[in-house]
Amino acid sequence: MKSLYTIAFVFFLFIFSSCEDVIEVNMQTGKQALVVEGWLTNKAEPQFVKLYYTGATSENSFEMLDGAILTLSDNEGNVEILSETAPGKYQISSLKSVDGRVYTLKIESKVGNYQAVAEVKRLSMPLDSLTFKYEEKSAIYSESGFYPSSHGREYKGVGDFCQIRLYKNGKYLNQTGDFNLLDDEFVDGNYIANTELSVQKPFQKNDLAKAEIWSLTKDAYLFWTDIRTQLQNGMIFASPLSNTRTNVVKVNATAMDVVGYFGASLVQSLEKKVE
């Protein structure tokens, strides 16, 4: 039997990160678990690890796990103790992701001790441009508007994975139809032009668009693939919901069950006004 708390986590993770519309899921209450949510990047902005429990107490509200001690270290000997800036929200202040490094997050808490290991892969598909093509509403395009395409060269060497995240006028697009995951299985070492990106709603004239490309390990790529599959799993012949992978493990056997993901990526971005 699939664990309900893990299924619920898929939806909680997606709506917890500044989304516009709450995805309402009507399901039975399952066994509670700890959620670990965090990603280390090279971006010049504050980064956080969030700890909370599955099972929203009210719409889009979760019980946070406060008072934990989080230690982040890399394989070069750098160590940082994260600061709790709000209940269950722990800030990474000094460490940033570096190509090839491996980061270990250790969590000591009142519900148990945990560990996650994240490797930083190269950014193998940097974008050199972003273009837009106007399409009328049709059987293919749900709305009239400008649909984005990315362009860039993929570095030689099989086994690269990435995610492209889009922003519209400064707002992150994270609805069900906004997932863009790429791998180099059939394009290794080639210039990749006119890759049409998926968007829930198209851009309109004068919108400011930003595309971020995030390097991923294969495991992180499969994690986001799991999330995309679960969120799009509403068709009439949809397969049953299944457990989403996690790289967080219990250090002591008596610890509360855990779901979630701690990853590390290199990020490159570019912006363009839709004209």
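Everything quoted here is computed from the prediction, not taken from an experiment. (Residues numbered from 1 in each chain as written. Predicted model: local features only at pLDDT ≥ 70, side-chain atom pairs only at ≥ 80, totals over all residues. Heavy atoms only, no water.)

What about the overall build of the protein chain?
Moving on, step 1. Counting its secondary structure elements, the protein chain contains two helices and 18 strands.
Moving on, step 2. For the protein chain, with 275 residues in total, the buried portion stands at 47%. (Helix = DSSP H or I, 4+ residues; strand = E, 2+ residues; numbered from the N terminus. Buried < 20%, exposed > 50% of the residue type's maximum accessible area, 1.4 Å probe, protein only.)

A closer look at the sheet that holds strand β10 (residues 145–153)
Moving on, step 1. Taken in spatial order, the three strands of this open sheet run β9-β10-β14, and their pairing is antiparallel. Among the strands making up the open sheet, the edge pair consists of β9 (129–135) and β14 (191–196). Recorded for the sheet is a direction-independent mean angle of 20° between the axes of neighbouring strands.
Moving on, step 2. Pairing geometry for β9 and β10, over seven bridges, is antiparallel. Within β10, the position partnered with F132 by the bridge is P148. (Pairing = 2+ DSSP bridges. Axes fitted to C-alpha atoms, helices over the stretch in contact; angles between N-to-C directions.)

Describing the confidence of the model for the protein chain
Moving on, step 1. On average, residues of the protein chain score 87 in pLDDT, and 83% of them are at 70 or above.
Moving on, step 2. Here residues 1–9 is modelled with pLDDT under 50, and outside its nearest four sequence neighbours on either side it reaches 25 contacts, counting other chains as well.
Moving on, step 3. Across residues 18–28 the pLDDT falls below 50, and counting only partners more than four positions away or on other chains, this stretch makes 20 contacts in the model. (pLDDT = per-residue confidence, 0-100. Contact = heavy atoms within 4.5 Å.)

As for the nonpolar core
Moving on, step 1. Ranked by size, the top nonpolar core spans 48 residues in total, and within it V36, V49, L51, L70 and L72 carry the most contacts.
Moving on, step 2. Dropping the residues within four chain positions of it, V36 is found in contact with V49, K50, L51, L105, I107, V248, V258, V259, G260 and Y261.
Moving on, step 3. Listed in part, the 14 residues of the second largest apolar core include F161, L181, L216 and Y221. (Core = buried A, V, L, I, M, F, W, Y, C linked by side-chain atoms within 4.5 Å.)

Comments concerning helix α2 (residues 218–231)
Moving on, step 1. If you check α2, its first and last C-alpha atoms are 20 Å apart, about what 14 residues at 1.5 Å a residue would give, namely 20 Å.
Moving on, step 2. Here α2 has its buried residues at A220, Y221, F223, W224, T225, I227, Q230 and L231. (Expected span 1.5 Å × (residues − 1).)

Re the side chain of N247
Moving on, step 1. For N247, the position within the fold is in the loop between α2 and β16 (248–250).
Moving on, step 2. Overall, N247 belongs to the buried group, its relative accessible area being 13%.
Moving on, step 3. Engagement of the side chain of N247 in a polar contact is seen with the backbone oxygen of V117, the distance being 3.3 Å.
Moving on, step 4. Beyond its immediate chain neighbours, meaning those up to four positions away, N247 contacts Q115, A116, V117, D219, G260, Y261 and F262. (Polar contact = N/O pair within 3.5 Å; in protein donor to acceptor, adjacent residues only side chain to side chain.)

Describing the packing of aromatic side chains
Moving on, step 1. Overall, the coordinates contain 11 aromatic pairs when judged by the stated rule.
Moving on, step 2. Seen in terms of ring centroids, Y134 and F146 are 5.2 Å apart; in terms of plane orientation they differ by 65°. Their pairing is edge-to-face. Residue Y134 is located in strand β9, and its partner F146 is located in strand β10; the two are separated by 12 residues in the primary sequence.
Moving on, step 3. Grouped by ring-pair contacts, the aromatic residues W39, F179, F223, W224 and Y261 constitute a single cluster.
Moving on, step 4. Above the face of the W214 ring, R165 is positioned so that its terminal group lies 3.6 Å from the ring centre.
Moving on, step 5. Between K210 and the ring centre of Y167, over which it is positioned, the NZ or CZ distance is 4.6 Å. (Phe/Tyr/Trp six-rings, centres within 6.5 Å; stacked < 30°, edge-to-face > 60°. Lys NZ or Arg CZ within 6 Å of the ring centre and 35° of its normal.)

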